[in-house]
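Next come the chains, spelled out residue by residue.
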Amino acid sequence: WRSKGFYGHYTTYAEVLQLIGSLAFGLLIAAFAGRRAAKGGREKETSGRTLALLLFSLAGIGLALLLTVTRAPQLAFVIAAGLIVLIGLGVRWFAVAALVILPLVAGGLIFLQQSRNVDFFDRKDESTRYRQMMTRDGLRLWTESPRHFVFGVGMESVQRHWREWGLYDKGWQPMGHFHSTPVQLLAERGLPALLLWLGILAIYARTIWRGLNEQNSDWRSRGILLGCIGAAVGFVLSGMV
């Protein structure tokens, strides 16, 4: 009953959708900005058909993401979309977009509550409590010894040694992962690995930002860069939980 696409799991599908959705939205905003600039005589006007196709694609992606009923990617996509509008069109259009998106968000929350019988931020939800438990256990495991702090416990070691480490509520909860990219990196690979991951993301974001600041009249290039920076933010935010 939760959309899975071709991935066999709704979480994977939702993550991919929010990445592709950010790209589609970045192209849409760049095309819209290009059309406004063309009316001022600065560049060639973007066709109405292009805008319509991008809007149609975005609507389909958004609907599919809603049907995954997966909270973190949905929230990440909303934040990424807001950032894309802010960078691509400015503060005034950001305020307009916020007014437009509020009814959609409200409808999505109602759909989520009816589908999963949980609120968006619900401490009574079993999946939320499981994530909180895994975060506590991951941080405890990471800080247990200097060796764990620097090198972690090793990839997938928790699957073999969970009993001696007292994980999964001593076996009363299903085996899984830490449900947070930073916690997973800290627990399994240590602090240097997390810092390396953050460094790679920072270099990537800086590269995109430099590309956005270059004087480039091609709306397609700017749209791809807008989509990439939105997707990067969504990727990191969704990976937190």
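Shown above is the structure to which this text applies.
Residues numbered from 1 in each chain as written. Predicted model: local features only at pLDDT ≥ 70, side-chain atom pairs only at ≥ 80, totals over all residues. Heavy atoms only, no water.

With respect to the helices and strands, the residue Thr68 is situated in the loop between helix H2 (48-67) and helix H3 (71-89). Judged by relative accessible area, which is 0%, Thr68 ranks as buried. Here Leu65 takes part through its backbone oxygen, which lies 2.6 Å from a polar atom of the side chain of Thr68. Ignoring any residue separated from it by four or fewer positions in sequence, one finds Thr68 in contact with Arg2, Ser3, Tyr10, Tyr13, Ala14, Leu17 and Gln74. (Helix = DSSP H or I, 4+ residues; strand = E, 2+ residues; numbered from the N terminus. Buried < 20%, exposed > 50% of the residue type's maximum accessible area, 1.4 Å probe, protein only. Polar contact = N/O pair within 3.5 Å; in protein donor to acceptor, adjacent residues only side chain to side chain. Contact = heavy atoms within 4.5 Å.)

So, on to the pattern of salt bridges. Inspection of the entire model under this criterion finds four salt bridges. Of the charged contacts, one joins Arg140 and Asp137 as a salt bridge, the two residues approaching to 3.5 Å between their closest N and O atoms. With Arg140 and Asp137 both in helix H5 (residues 126-142) and three residues apart, the pair spans about one turn of that helix. In this structure Arg140 comes out as partly exposed when scored by relative accessible area, which is 30%. For Arg189, the salt bridge identified is with Glu188, shortest N-O distance 3.2 Å. The network of salt bridges with common partners includes Asp137, Arg140 and Glu144. (Salt bridge = Lys/Arg side-chain N within 4 Å of Asp/Glu carboxyl O.)

In this section: the environment of Phe25. Its location among the elements puts Phe25 in helix H1 (residues 10-39). A C-alpha to C-alpha distance of 30 Å links Phe25 and Ser127, two positions 102 residues apart in sequence. The residues contacting Phe25, other than those within four sequence positions of it, are Leu58, Ala81, Ile84 and Val85.

We now examine the nonpolar core. If you look at the biggest cluster of nonpolar residues, it comprises 26 residues, and the most contacted ones within it are Phe25 and Ile29. When contributions to this core are tallied by element, the ones reaching two or more residues are H1, H2, H3, helix H10 (191-213) and helix H11 (219-240). Among all residues touching Ile29, those that are not within four sequence positions of it are Ile84, Val85, Gly88, Leu89 and Leu226. Judged by nonpolar contacts, the second largest core, of 13 residues, contains Tyr130, Val158, Trp165 and Leu167. (Core = buried A, V, L, I, M, F, W, Y, C linked by side-chain atoms within 4.5 Å.)

What follows is about the packing of H2 against H3. H3 packs onto H2 with a crossing angle of 150° between their chain directions and a minimal axis gap of 10 Å. Relative to H3, the element H2 is oriented roughly antiparallel. Residue-level inspection shows Leu58, Leu65 and Leu66 of H2 in contact with H3, the latter providing Pro73, Gln74 and Phe77. Of the residues contributing to the contact of H2 with H3, the split by class is five nonpolar, one polar and no charged. (Axes fitted to C-alpha atoms, helices over the stretch in contact; angles between N-to-C directions. Parallel < 35°, antiparallel > 145°, perpendicular 65-115°, else oblique. Nonpolar A, V, L, I, M, F, W, Y, C, P; charged D, E, K, R; others polar.)

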